[in-house]
There are 2 protein chains.
Amino acid sequence: MKREEPPPPIQEYKELSVSRGISILDLILRILAIFGTLGSAVAMGTTDETLPFSTQSVIFQAQYDDIPTFRFFVIANGIACGYLAIISLPLAIYHIIRATSAKSRALLIFLDTIMVTVLTAGASAAAAIVYIAHKGNSSANWAAICQQYQTFCVRITGSLIGSFAAVFILILLIPLSGLILSRQH
Amino acid sequence: MKREEPPPPIQEYKELSVSRGISILDLILRILAIFGTLGSAVAMGTTDETLPFSTQSVIFQAQYDDIPTFRFFVIANGIACGYLAIISLPLAIYHIIRATSAKSRALLIFLDTIMVTVLTAGASAAAAIVYIAHKGNSSANWAAICQQYQTFCVRITGSLIGSFAAVFILILLIPLSGLILSRQH
């Protein structure tokens, strides 16, 4: 027969329910971040514009994978989305059930930190290229391509939104895990 | 007269000294990251190449601030360097003295997370532009400029190193803080 543990004092109950509340917020934010990264990856990955004119030898077409940085952006968002859905969601649910778990929260901080870096790297690199596509650069003699490829540019610009939103969510989630750990102290 | 506290049991001593050891490692890594970001900011911020020929109206010159992304890179490294030196170092020293401090470690996780994102954004955006400078992009008709501006390109490429090194150090430091917090549990 199992020995029954004595009920925790009221103060501890309160601490636990606050930790659990933060854990539920954590889960909701993670689901939003999954949609953000998924949306970004799909929006960028399907970007392809063919202009309605061509010469005999050249078809004017802009595809996201003409620019390696955009390919990296899609891969980074794919990895982050996979991590958030497959690894972090089960952990987040586990933290709602076991509000006092400490080691797995430290692990989550570690993995989240790597992911926020991967995601920021992809989003920022893509943003730098999108900026050149819009404005060009006269010193380097790089022309703005957005006058020609308007739809292409709207798509690549819009696809940044979901990715940066996911970055902001992860920036919030990492200290939240730290906060719960410090409260348990 | 002060009331003397009873000495902590041996197990607690051991825990404390491990936490203190990690805190000292944390301090050393932060000092390295300060040099990394400072070196990157200075290397990029002083990059300026004038080619040894000019036409009557044009002097061929490449400066880091011709490209806004590089200006962002210098600012991001400057902010990270200032944060690491002025805010995080005193906190890191405090953590060596007060190994059990929990709230200030949670604060450090929060600030480090913001800084790793700022730094990654600056470094990745600059890396994306450096890539175009080296390879160009035939689809967008952007020419590689590194054939002409060789010294410029060596400098801007080299200046990425310190910044990425600091990013890797911060990726390590954030989970280390989380680890100490989870051990105190």
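Bear in mind that the values here come from a model prediction, so they are computed numbers and not experimental data.

About the cut-offs
- Chains are numbered independently. Their residues run from 1 in the order of the written sequence.
- Going through the entries in the order they are written, you letter the chains from A and number the ligands from 1.
- Only residues with pLDDT of at least 70 are given local features in this predicted model, and only at 80 or more are side-chain atom pairs given and counted; all residues enter the totals for whole chains, interfaces and linings.
- The side-chain figures draw on all heavy atoms in the structure; neither hydrogens nor water molecules are used.
- The convention used is that axes are lines fitted to C-alpha atoms, helices contributing only their stretch in contact, and that angles between N-to-C directions extend from 0 to 180 degrees.
- Strands here mean DSSP runs of E at least two residues long; helices mean DSSP runs of H or I at least four residues long; both are numbered from the N terminus.
- Here is the rule for angles: anything less than 35 degrees is roughly parallel, anything more than 145 is roughly antiparallel, 65 through 115 is roughly perpendicular, and the remaining ranges are oblique.
- Should the near helix be turned counterclockwise from the far one by less than a right angle, the crossing is left-handed, whereas a clockwise turn marks it as right-handed.
- The contact rule is simple, with two residues in contact once any of their heavy atoms fall within 4.5 Å.
- When residue character is reported, Ala, Val, Leu, Ile, Met, Phe, Trp, Tyr, Cys and Pro are called nonpolar, Asp, Glu, Lys and Arg charged, and the others, Gly included, polar.
- UniProt positions are given in the numbering used here, feature names are shortened, and annotations may be inferred rather than shown by experiment.
- C-alpha atoms of residues with pLDDT of at least 70 in both copies form the basis for the least-squares superposition of the copies.
- The term salt bridge refers to a side-chain nitrogen of Lys or Arg lying within 4 Å of a carboxyl oxygen of Asp or Glu.
- Polar contact criterion, stated in full: a pair of N or O atoms within 3.5 Å, where within protein one must be able to donate a hydrogen and the other to accept it, and residues adjacent in sequence count only if both atoms are side-chain atoms.
- Any residue under 20% of the maximum accessible area for its type is buried, any over 50% is exposed, and the rest in between are partly exposed; the area is computed with a 1.4 Å probe on protein chains only.

Asks: Quick rundown of the packing of helix α3 (residues 103-135) of chain A against helix α4 (residues 150-183) of chain B? Include the residues and the values.
Replies: It is the contact of α3 of chain A with α4 of chain B, at a shortest axis distance of 8 Å, that shows an interaxial angle of 165°. In terms of axis orientation, α3 of chain A runs roughly antiparallel to α4 of chain B. The way α3 of chain A lies across α4 of chain B gives a crossing that is right-handed. For the pair α3 of chain A and α4 of chain B, contact is made by Lys-103, Ala-106, Ile-109, Phe-110, Thr-113, Ile-114 and Thr-117 of chain A and by Val-167, Ile-171, Ile-174, Pro-175, Gly-178, Leu-179, Ser-182 and Arg-183 of chain B, respectively. Grouping the constituent residues of the contact of α3 of chain A with α4 of chain B by class yields nine nonpolar, four polar and two charged.

Asks: Give a detailed account of the UniProt feature "transmembrane region" (unreviewed entry) in chain A, specifying residues and quantitative values.
Replies: Residues and elements named next belong to chain A. When the UniProt feature table is mapped to this numbering, "transmembrane region" (unreviewed entry) covers residues 21-44, 72-94, 106-133 and 160-181. Split by type, residues 21-44 is 100% helix and 0% strand. Its first and last C-alpha atoms lie 35 Å apart. Secondary structure across residues 106-133 comprises 100% helix and 0% strand; the distance between its end C-alpha atoms is 41 Å.

Asks: Tell me about the relation of the copies chain B and chain A, and name the residues and values.
Replies: Mapping chain B onto chain A is achieved by rotating through 180° and translating by 0.0 Å along the same axis, at an RMSD of 0.0 Å. The operation mapping one copy onto its partner corresponds to a two-fold rotation axis. Among all residues of chain B, the minimum C-alpha distance to the rotation axis is found for Ala-125 of chain B, at 2.1 Å. When the interface residues of chain B are mapped onto chain A, 100% of them again fall at the interface, so both copies present the same face.

Asks: Help me get a handle on the interface of chain B and chain A, residues and values and all.
Replies: On the side of chain A, 39 residues touch chain B, which itself brings 39 residues to the contact. At the boundary of chain B with chain A, the tally comes to zero salt bridges. One can count four residue pairs in polar contact (both at pLDDT 80 or more) joining chain B with chain A. For the side of chain B that touches chain A, the elements supplying multiple residues, two or more each, are α2 (68-97), α3 (103-135) and α4 of chain B.

Asks: Describe the side chain of Ser-88 of chain B, listing the residues and the values that go with them.
Replies: All names here are of chain B. As for its position among the elements, Ser-88 is in helix α2. Overall, Ser-88 belongs to the buried group, its relative accessible area being 0%. Within the structure, the side chain of Ser-88 is placed 3.3 Å from the side chain of Arg-30, a separation counted as a polar contact.

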